[in-house]
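Geometric and topological summary
So the chains spell out like this:
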Amino acid sequence: MNIRSKTLPFAMLAVLAARFTASAQSTDAFIVKIPGAAIASSVTLSTAGGAGAPGQTVEIPFNLAAAGTVAPASFQVDLTFDPQILTFTSARAGVQLAAAGKGISSSVVSSNGVRLSTTGSNQDTIANGLVAYASFPLAAQFAGRVTVTLVNCMSAGALGNPLSTAGTAGNI
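Below you will find a few notes about this structure. (Residues numbered from 1 in each chain as written. Predicted model: local features only at pLDDT ≥ 70, side-chain atom pairs only at ≥ 80, totals over all residues. Heavy atoms only, no water.)

Here the focus is the overall build of the protein chain. Scanning the protein chain for helices and strands turns up two helices and 10 strands. For the protein chain, the α and β elements follow one another from N to C terminus as α-β-β-β-β-α-β-β-β-β-β-β. For the protein chain, buried positions account for 33% of its 172 residues. A fraction of 72% describes how many contacts in the protein chain between residues 6 or more apart in sequence connect residues 24 or more apart. (Helix = DSSP H or I, 4+ residues; strand = E, 2+ residues; numbered from the N terminus. Buried < 20%, exposed > 50% of the residue type's maximum accessible area, 1.4 Å probe, protein only. Contact = heavy atoms within 4.5 Å.)

So, on to the packing of aromatic side chains. Inspection of the entire model under this criterion finds two aromatic pairs. With 5.1 Å between their ring centres and 70° between their planes, Phe 81 and Phe 136 make a pair best called edge-to-face. Taken together, the residues span a long stretch of sequence, with Phe 81 in the loop between β3 (74–80) and β4 (90–93) and Phe 136 in strand β7 (residues 129–137) at a distance of 55 residues. The class for Phe 81 is buried, based on a relative accessible area of 7%. Both rings, one in Phe 88 and one in Phe 136, keep their centres 5.8 Å apart while their planes meet at 70°; by these two values the pair is edge-to-face. Pair noted here: Phe 88 is in the loop between β3 and β4 and Phe 136 is in strand β7, with a separation of 48 residues, a long-range link. Each of the two residues, Phe 88 as well as Phe 136, counts as buried. (Phe/Tyr/Trp six-rings, centres within 6.5 Å; stacked < 30°, edge-to-face > 60°.)

Turning our eyes to something else, we now look at the environment of Glu 59. Among the structural elements, Glu 59 can be located in strand β2 (residues 57–68). For Glu 59, a relative accessible area of 36% gives the class partly exposed. Taking the C-alpha atoms as reference, Glu 59 lies 9.1 Å from Ser 90; in sequence the two are 31 residues apart. Excluding residues within four positions of it along the chain, Glu 59 makes contact with Arg 92, Tyr 133, Ala 134 and Ser 135. Polar side-chain contacts of Glu 59 include one of 2.9 Å to the side chain of Arg 92. (Polar contact = N/O pair within 3.5 Å; in protein donor to acceptor, adjacent residues only side chain to side chain.)

A word on the side chain of Ser 117. In this structure, Ser 117 sits in strand β6 (residues 113–119). For Ser 117, a relative accessible area of 15% puts it in the buried group. Within polar-contact distance, the side chain of Ser 117 engages the side chain of Gln 76 at 3.5 Å. For Ser 117, the contacting residues outside a window of four places in its chain are Phe 75, Gln 76, Gly 103, Ile 104 and Ser 105.

With that settled, consider the nonpolar core. In this structure, Phe 62, Phe 75, Leu 79 and Leu 86 are the most contacted members of the largest nonpolar core, which totals 31 residues. Of all the secondary-structure elements, those providing two or more residues to this core are β1 (41–46), β2, β3, β6, β7 and β8 (147–156). Excluding residues within four positions of it along the chain, Leu 79 makes contact with Phe 62, Asn 112, Gly 113, Val 114, Leu 116, Ala 134, Phe 136, Val 148, Thr 149 and Leu 150. (Core = buried A, V, L, I, M, F, W, Y, C linked by side-chain atoms within 4.5 Å.)

This is how it looks when you write it as structure tokens:
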């Protein structure tokens, strides 16, 4: 039986496995991918924001909170903000990211957005807590507050399985 890449109903897998077992040779391989298989885990990336005076640089913390059976080993998040008030300057790893042997990279994706992504090739998971900081100088005319929104939040387990991921905004 020669099956290449096909999407099959779950009930068909047992029948196929029995046929492959009966005719398997030592060089045969059987790989099953179940599209849309749910992983009972959720991750939330959040910031409480920060405070600062006009013209000063504010470093805001980002936290990770995971619940479920699979802990995240990586994440990515886009930060959006008002470019008239904030300018992104840098990011650095927080204590939980460093403890997992990982770093953080940043790339500007637009005038009002920056992407933060974990770096590192190990499969160690990231514990709940402080994972990153982002620095923003406040405009000289800043008054009141400005929101930093977390969008396009993604995370994955050690085997690369995507996890349900949400983001919570904060104010400066």
